[in-house]
Amino acid sequence: MRFPIRFIIPFLVIATFQTLGAVPDTLEVGKKYASIKQALATAAPGDVIKVFPGVYFENEVIIDKPCTLLGVGYPILDAGLKNDAIIIRADSVSIIGLHIRNVATNYVRDLAAIHVEEARHFNIQDNKLENTFFGIYLQKSRDGRVAGNSIIGQAVVEASSGNAIHLWYCKNVEVSNNEARHHRDGIYLEFSDSIRIVRNVSQDNLRYGLHFMFSNYNDYFENTFQSNGAGVAVMFSAHIVMKRNRFIDNWGSASYGILLKEIKDGIISNNLFQGNTIGIYGESSDRMTISQNDFTENGYALRILGSCRDNIITENNFIDNTFDVGTNATRQYNQYTRNYWSEYTGYDLDKNGLGDVPYRPVKLFSFVVEKVPQAIVLLRSLFVDLMNFTEKVTPVFTPQDLFDDQPLMKPHPHDQYSTSS
Amino acid sequence: MWKIFKYSFFDLLRSRWTYFYFLFFMIVTAGLLHLSGQVAAAITSLLNIVVVLIPLISTLYGIVYFYNSSEFTELLLAQPVRRRSIFLGQYLGLFTSLAASFLLGILIPAIFLGHFEVRLWLDLFYLLGIGTLLTAIFTAIAFLIALRQTNRMKGFAIAILTWLFLAVLYDGLFIIFLLFFEDYPLEKFSLIATVLNPIDLSRTSLLLKLDMAALMGYTGAVFNKFFGTSMGMLVSISALVLWVAGPLLGFLRVAARKDF
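Conventions adopted
Residues numbered from 1 in each chain as written. Chains lettered and ligands numbered in written order. Predicted model: local features only at pLDDT ≥ 70, side-chain atom pairs only at ≥ 80, totals over all residues. Heavy atoms only, no water. Helix = DSSP H or I, 4+ residues; strand = E, 2+ residues; numbered from the N terminus. Buried < 20%, exposed > 50% of the residue type's maximum accessible area, 1.4 Å probe, protein only. Contact = heavy atoms within 4.5 Å. Areas by Shrake-Rupley, 256 points an atom, 1.4 Å probe, with all protein chains shown as cover. Domains from an automatic or database assignment. Buried area = accessible area lost by both parts, 1.4 Å probe. Salt bridge = Lys/Arg side-chain N within 4 Å of Asp/Glu carboxyl O. Polar contact = N/O pair within 3.5 Å; in protein donor to acceptor, adjacent residues only side chain to side chain. Axes fitted to C-alpha atoms, helices over the stretch in contact; angles between N-to-C directions. Parallel < 35°, antiparallel > 145°, perpendicular 65-115°, else oblique. Nonpolar A, V, L, I, M, F, W, Y, C, P; charged D, E, K, R; others polar. pLDDT = per-residue confidence, 0-100. Patch = residues over 30% accessible without salt bridge, like charges linked within 9 Å, V, L, I, M, F, W, Y side chains within 5 Å. Core = buried A, V, L, I, M, F, W, Y, C linked by side-chain atoms within 4.5 Å. Phe/Tyr/Trp six-rings, centres within 6.5 Å; stacked < 30°, edge-to-face > 60°. Lys NZ or Arg CZ within 6 Å of the ring centre and 35° of its normal. Pairing = 2+ DSSP bridges. Lys, Arg positive; Asp, Glu negative; His and termini not counted.

Helix and strand content of chain A: 4 helices and 39 strands. Looking at chain A as a whole, 56% of its 421 residues qualify as buried. Partitioning the contacts of chain A with sequence separation of at least 6, the portion at a separation of at least 24 is 48%. Taken as a whole, chain A presents about 17,700 Å² of accessible surface, with 53% of it coming from carbon and sulfur.

All names here are of chain A. Splitting chain A by domain gives domain 1 (24–215) and domain 2 (228–362 + 399–421). Taking both partners together, domain 1 and domain 2 bury about 1,100 Å²; carbon and sulfur atoms supply 58% of that area. On the domain 1 side of the contact with domain 2, Tyr 208, Leu 210 and Phe 212 bury the most area, a combined 40% of that side's loss. In this structure, the connection of domain 1 to domain 2 is made through 0 salt bridges. Between the two partners, domain 1 and domain 2, sit 14 residue pairs in polar contact (both at pLDDT 80 or more).

Below, the discussion takes up the pattern of salt bridges. Residue and element names in this part refer to chain B. Using the criterion set out here, one finds 22 salt bridges over all chains in the structure. For Asp 200, the salt bridge goes to Arg 203, with nearest N and O atoms at 3.2 Å. On the criterion of helical spacing, the pair formed by Asp 200 and Arg 203 is a turn pair, its members being 3 residues apart in helix α9 (residues 198–209). Arg 203 shares its class with Asp 200; the two are buried.

Turning next to the packing of helix α8 (residues 187–196) of chain B against α9 of chain B. Packed helices, taken two at a time, are described by their axes: the angle between them and the distance between them. Residues and elements named next belong to chain B. Where α8 contacts α9, the two axes come as close as 5 Å, and the packing angle between them is 110°. Between α8 and α9, the angle falls in the class roughly perpendicular. Seen from α8, the contacting residues are Thr 194, Val 195 and Leu 196; seen from α9, they are Pro 198, Asp 200, Leu 201 and Thr 204. Considering only residue class, the contact of α8 with α9 consists of 4 nonpolar, 2 polar and 1 charged.

When pLDDT is averaged along chain B, the result is 88; 100% of the residues meet or exceed 70. Averaged over each element, pLDDT in chain B is lowest for helix α10 (residues 217–228) of chain B (79) and highest for helix α7 (residues 152–180) of chain B (93).

Bringing a nonpolar patch on the surface into the picture now. A surface patch of nonpolar side chains, about 550 Å² in accessible area, is lined by Leu 161, Leu 164, Phe 165, Leu 169, Leu 173 and Ile 176 of chain B. Positionally, Ile 176 of chain B belongs in helix α7.

Residues and elements named next belong to chain A. Look at Arg 244: it is not a glycine, yet its phi comes out positive at around 55°. One can find Arg 244 in the loop between β26 (241–243) and β27 (246–248). Of the residues examined, Arg 244 reaches a relative accessible area of 26% and is grouped as partly exposed. Look at Asp 265: it is not a glycine, yet its phi comes out positive at around 55°. Within the secondary structure, Asp 265 is located in the loop between β28 (256–264) and β29 (267–269). The class for Asp 265 is partly exposed, based on a relative accessible area of 27%.

Looking now at the nonpolar core. Phe 365 and Leu 379 of chain A together with Phe 87, Tyr 91, Phe 102, Leu 134 and Phe 251 of chain B are the most contacted members of the largest nonpolar core, which totals 112 residues. For this core, the element with the highest residue contribution is helix α6 (residues 118–148) of chain B, accounting for 17 residues. Inspection of this core shows a minimum of three residues originating in each of domain 1 (24–215) and domain 2 (228–362 + 399–421) of chain A. Discounting residues that sit within four places of it in the chain, Phe 102 of chain B has contacts with Tyr 21, Phe 25, Val 50, Ile 54, Leu 127, Leu 128, Gly 131 and Thr 132 of chain B. Core analysis: the second largest hydrophobic core is formed by 84 residues, Leu 69, Tyr 137, Ile 197 and Phe 212 of chain A among them.

For the structure shown, the criterion picks out 41 aromatic pairs over all chains. Note on Phe 177 of chain B and Phe 189 of chain B: the rings are 4.1 Å apart at their centroids and 25° apart in plane angle, and the pair reads as stacked. Here the residue Phe 177 of chain B occupies a position in helix α7, and Phe 189 of chain B occupies one in helix α8, the gap between them amounting to 12 residues. The exposure class of Phe 189 of chain B is partly exposed, given its relative accessible area of 27%. In this structure, Lys 140 of chain A packs its charged tip against the face of Tyr 169 of chain A, placed 5.7 Å from the ring centre. If you follow Arg 309 of chain A out to its NZ or CZ, it ends over the ring of Tyr 333 of chain A, 4.5 Å from the centre.

Time to look at the pairing of β28 of chain A. Residue and element names in this part refer to chain A. Here strand β25 (residues 231–238) pairs with β28 via 6 bridges, running parallel. Paired with Val 234 across the bridge in β28 is Leu 260. In this structure, β28 lies alongside strand β31 (residues 278–283), joined through 4 bridges in parallel fashion. Pairing of Ile 258 across the sheet is with Ile 280, part of β31.

Before going further, it helps to examine the side chain of Lys 258 of chain B. All names here are of chain B. Note that Lys 258 resides in the segment after α11 (230–257). Although Lys 258 lies buried, it forms no salt bridge, and the closest oppositely charged side chain, Glu 74, sits 7.6 Å away as judged by the N-O distance. In contact with Lys 258, other than residues within four places in its own chain, are Arg 83, Leu 147 and Thr 150.

Looking now at the side chain of Glu 58 of chain A. Residue and element names in this part refer to chain A. Along the chain, the position of Glu 58 falls in the loop between β3 (55–57) and β4 (61–63). For the buried Glu 58, no salt bridge is present, and the opposite-charge side chain at shortest range is Lys 37, 5.4 Å distant. Within the structure, the side chain of Glu 58 is placed 3.0 Å from the backbone nitrogen of Lys 37, a separation counted as a polar contact. Those residues in contact with Glu 58, other than ones at most four positions away along the chain, are Ser 35, Ile 36, Lys 37, Leu 77, Asp 78 and Ala 79.

So this is what it looks like as structure tokens:
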């Protein structure tokens, strides 16, 4: 009987690897080894450390060789409110399926459940983190992945709480399908480039759902930022792309769907902004494309200050917002065109789907409020309605050049944001 | 007094205008609940109707009713009945029928169509309370004006102007003042100016109840702090009650002295 050569090749390959000692060993914690540290001490690079169910009271578990820490049935690693739980200092480390809890609050050191220090090719996946000061803290690391983790904190006061996912000087990391709740910031990035933030849920955090500064070329797709203390704030970054995200119910006196400060050359499209005090707040942000978003039931849909230039706002739907656009400037340099405004009352005689009369989204009242904030107490007063109406008929005070020259008669039918998760 | 109250109340119950008023609120509430689907949004829209329309309707209805029943009033005055009970009875009759139309007109559809949470029910009851107080205020004002002006056209004009002033012009002056003194801290001023006008006070306290404070920035925070305290609640409720008591007592005083 002859074996076909194809059959033999895999065996040959395996045999070669075995002789080279490259097939990883599996070390079993909870069976042969009593603690993860013990197993780590004997592990060779590339080994798999399987952790079986149980509660392991360990902290400062330092992983300094490439290996995989694999939890079976969510074993609990309890840091006993002392130090970091796990510190990764080697490349190609995976941590999968652990339940890490009780990392101490520290005002000097940023203690975290999983601390990645200057590592590459890490994979942190499907872990449950509970009451950890910082959740996953990536520091000067790159080419890794943080996926499917559930990070639930117990933050009460901003000053004594940490961030769920924290990236500092990182590059080329994928952060996906995580759930971040009850921390200070849900997802925090500083000096981190080429990061992909996809399908995460960041909810009920004390401060920001998403917060980044000095982080360029990042993509944010299909995330949900909901009911965070101050919404989302992003600053001093360029070339960011935000698509199909949901910014929901960020309601409070200092709360924003997104606050953009010094954000340049970005794209914000196909997002949903619903029930936020301010949908998008723009300050010194230039050359942004804001298109095909839905703004519904916000206090202000857009609040674009006079320091913003050359932004294009097009094909968005503005529905039932208290104010569609607020601005503090009488001149403006942004382009509003082909949006749908639910308050538009014009007509379309030639039936081309575009209103024949331009729509002016800045009401006189919102302009007055910019000048004298106290005037907001007259919100919904009959006088204010009359005032807005007269100004609409003959605009005198509101920015002359802020108008949508081709308002859509019907909502723009665009791709919907992700409704899953 | 109760006899006269009963008499004018049942007299008004036979009037079709009372039913129009009732049906108006019922249709609007049902429509809003049905169309918007969201109870919170419906309450916000009702707010606009309540703070503008209730004062207007109460004023006009009060004026018309007082003038129309003047012959009957004079007939009653010839009888051995105390003046105070005649006029108070009439006032209560009108107030009760208007308030009942308003309350039932909103409550009936709300019970049948609204799937409310407890918090929204509280908001709705606050709205109903404010509406009732506004009815009491503006019927009293209307009666006072009607009693002092025997010339019907003049009385009518003054009533409408009063409404126009409180509902519209007051806010205009308010804004002008704010713009004029924009360099000064104006929180206290706007708080006082709001408390002084029953329509502004009703609207603002309702908006704050509906969690609009966040939208109002720093001013909203100041207002929320004021209206949130028991002191603020007390001040605003007593301001509204004073707005009922003032015109009503004035009306009764003029009525006691007037030579018919």
